[in-house]
Amino acid sequence: MNLVLLGPPGAGKGTQAKRLQDLRSLVQLSTGDMLRAAVAAGTELGRQAGELMEQGQLVPDALVIGLIAESMDEGKGGAGFILDGFPRTIGQAEALNTLLQSRGEKVDRVVVIEVDDDALVARITGRFTCATCGEGYHELFKLPKVEGVCDVCGGTKFSRRADDTEEVVRERLKAYHAQTEPLIGYYKAQDKVSAVDGMADIETVQKEIDQALDGA
Ligand code: ADP
Ligand code: ADP
Ligand code: ZN
């Protein structure tokens, strides 16, 4: 099963993708993570993407389509993929169809995680991540069980994203509403959309997604 997780920045896509990956043996493909890795490695692609990311704008379709094509080629995803943060434009959605078709597959379900804009700003500005294993945390909603120690790997270094400031989040939300939200109608026309209430707590959202997938 190939699943698209759609939702504004901070909706909980990454959080839920990691849980689904473990529960359903799917492979998470996050273009945001791939782009940040390219920026950190200082590659040409990272150089092209970095400035746009800092400004909260989308990077060109061709860049992210190339990244997704490469990771699908690596032969992972036996049981399917969880696409987290991709597609974000209609052009990307069409490229994804083509890529999956060439594997004899399709997008099976699109889960839209719905959260109010004001809650998103709080989610994003409180977000931090384990620098060792990438586990996501939040200052208010998901602190490590032992202060300063990652629940998953025991690491003690944490990091924050350069684009997780209130100012940049407002730009990312604009980009979401203008360029990504139209995908909901695009996939509704194909009868693939399940909407879940992303304002609920992390466990409840997970259960709702699980039910949406079982009903699919
Ligand atoms: P996205 O990948 O959609 O940008 P994340 O999964 O990184 O979002 O979540 C953004 C922040 O909000 C993180 O700090 C995460 O721990 C927290 N978070 C995720 N889901 C919820 C939820 N249902 N309720 C409260 N906080 C959440
Ligand atoms: P979030 O869901 O928290 O906004 P992501 O980690 O998915 O963040 O994306 C971070 C940034 O990376 C985006 O603001 C954008 O600049 C870039 N990006 C990620 N995925 C895409 C994509 N599919 N298309 C264009 N730009 C992308
Ligand atoms: Zn960790």
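Quick caveat, the model's predicted, so the values are computed rather than measured.

A. Layout of the site of ligand 2. If you check the shell around ligand 2, you find 20 residues, and the closest are Lys-13, Thr-31, Arg-36, Gln-57 and Gln-92. Arg-36 is positioned with one of its side-chain polar atoms (N or O) 2.9 Å from an oxygen atom of ligand 2. One nitrogen or oxygen atom from the side chain of Arg-161 is found 3.1 Å from an oxygen atom belonging to ligand 2. In terms of residues, the shell around ligand 2 owes the most to one element, helix α2 (residues 31-41), which gives four residues.

B. Representation of the sheet that holds strand β5 (residues 127-130) within the structure. Reading across from one edge, β6-β5-β7 is the order of the three strands in this open sheet, with antiparallel pairing throughout. For this open sheet the edge positions go to β6 (136-138) and β7 (158-159), each flanked by a neighbour on one side alone.

C. Focus on the packing of α2 against helix α4 (residues 61-73). Where α2 contacts α4, the two axes come as close as 10 Å, and the packing angle between them is 100°. With respect to α4, the axis of α2 lies roughly perpendicular. In this structure, α2 contributes Thr-31, Met-34 and Leu-35 to the contact, and α4 contributes Val-64, Leu-67, Ile-68 and Ser-71.

D. Up close: the side chain of Gln-28. Within the secondary structure layout, Gln-28 lies in strand β2 (residues 27-30). One polar contact links Gln-28 to Asp-84, side chain to side chain, over a distance of 2.9 Å. When residues no more than four places from it in sequence are discounted, the contact partners of Gln-28 are Gly-14, Ala-17, Lys-18, Gln-21, Asp-33, Ile-82 and Asp-84.

E. Representation of the site of ligand 1. Neighbouring ligand 1 are 18 residues; Lys-13, Thr-15, Arg-127, Tyr-137 and Ala-200 lie closest to it. Note that an oxygen atom of ligand 1 is positioned 2.8 Å from one of the backbone N or O atoms of Gly-14. Protein coverage of the free-state accessible area of ligand 1, which is 550 Å², stands at 91%. Listed by contribution, the elements that provide at least two residues to the shell around ligand 1 are α1 (13-24), β6 and α9 (202-214).

F. Here's a closer look at the environment of Val-196. Topologically, Val-196 is positioned in strand β8 (residues 193-197). A relative accessible area of 2% places Val-196 in the buried class. Separated by twelve residues in sequence, Val-196 and Glu-208 have C-alpha atoms that sit 6.4 Å apart. Among residues more than four places away in sequence, those in contact with Val-196 are Val-111, Val-112, Ile-113, Glu-114, Val-205, Glu-208 and Ile-209.

G. The arrangement of the environment of Gly-85 in detail. Residue placement: Gly-85 occurs in the loop between β3 (81-84) and α5 (90-101). For Gly-85, a relative accessible area of 8% puts it in the buried group. In contact with Gly-85, other than residues within four places in its own chain, are Leu-5, Lys-13 and Thr-31.

H. Expanded view of the sheet that holds β3. Strand order in the open sheet formed by five strands is β2-β3-β1-β4-β8, and the pairing between neighbours is parallel. Each edge of the open sheet is held by one strand with a lone partner, namely β2 and β8. With direction set aside, neighbouring strand axes in the sheet form an average angle of 20°. In terms of strand pairing, β2 meets β3 through four bridges, oriented parallel. The partner of Gln-28 across the bridge, within β3, is Ile-82.

I. Just the nonpolar core, in detail. With 28 residues, the main nonpolar core has Leu-29, Met-72, Leu-83, Leu-96 and Tyr-187 as its most contacted residues. If one sorts the elements of this core by residue count, α4 sits on top with five residues. Excluding its chain neighbours within four sequence positions, the residues that come into contact with Tyr-187 are Pro-87, Ala-93, Leu-96, Val-107, Val-110, Lys-192 and Val-193. Of all hydrophobic cores here, the second largest spans 19 residues; its members include Leu-3, Ile-113, Val-121 and Val-196.

Quick notes on the rules
Counting restarts for each chain, with residues numbered from 1 along the sequence as it is written. Just so you know, chain letters begin at A and ligand numbers begin at 1, following the order they were written in. In keeping with the model being predicted, local features are shown solely for residues with a pLDDT of at least 70 and side-chain atom pairs are shown and tallied solely at 80 or more, while totals for entire chains, interfaces and linings include all residues. Side-chain calculation: all heavy atoms of the structure are included, whereas hydrogens and water are not. Summary of the distance rule: residues count as near a molecule or strand when at least one heavy atom falls within 4 Å of that molecule or strand. What qualifies as a polar contact is a pair of N or O atoms within 3.5 Å, subject to a donor-acceptor requirement within protein and to the restriction that residues adjacent in sequence count only when both atoms come from side chains. Numbering of helices and strands starts at the N terminus; helices are DSSP runs of H or I of at least 4 residues and strands are runs of E of at least 2. Each pair of strands is called paired provided DSSP finds at least two bridges between the two strands. Simply put, an axis is a line fit to the C-alpha atoms, just over the touching stretch for a helix, and the angle between two N-to-C directions goes from 0 to 180 degrees. For classification purposes, an angle smaller than 35 degrees is called roughly parallel, one larger than 145 roughly antiparallel, one from 65 to 115 roughly perpendicular, and anything else oblique. Throughout, a contact is declared for two residues whenever any of their heavy atoms are within 4.5 Å. Here the Shrake-Rupley method, with its probe set to 1.4 Å, supplies the accessible areas, and only the displayed protein chains count as covering residues. Remark: exposure states derive from per-residue accessible area (1.4 Å probe, protein chains only) relative to the maximum for the residue type, with buried under 20%, exposed over 50%, and partly exposed in between. Side-chain atoms within 4.5 Å are what join buried Ala, Val, Leu, Ile, Met, Phe, Trp, Tyr and Cys residues into a set we call a nonpolar core.

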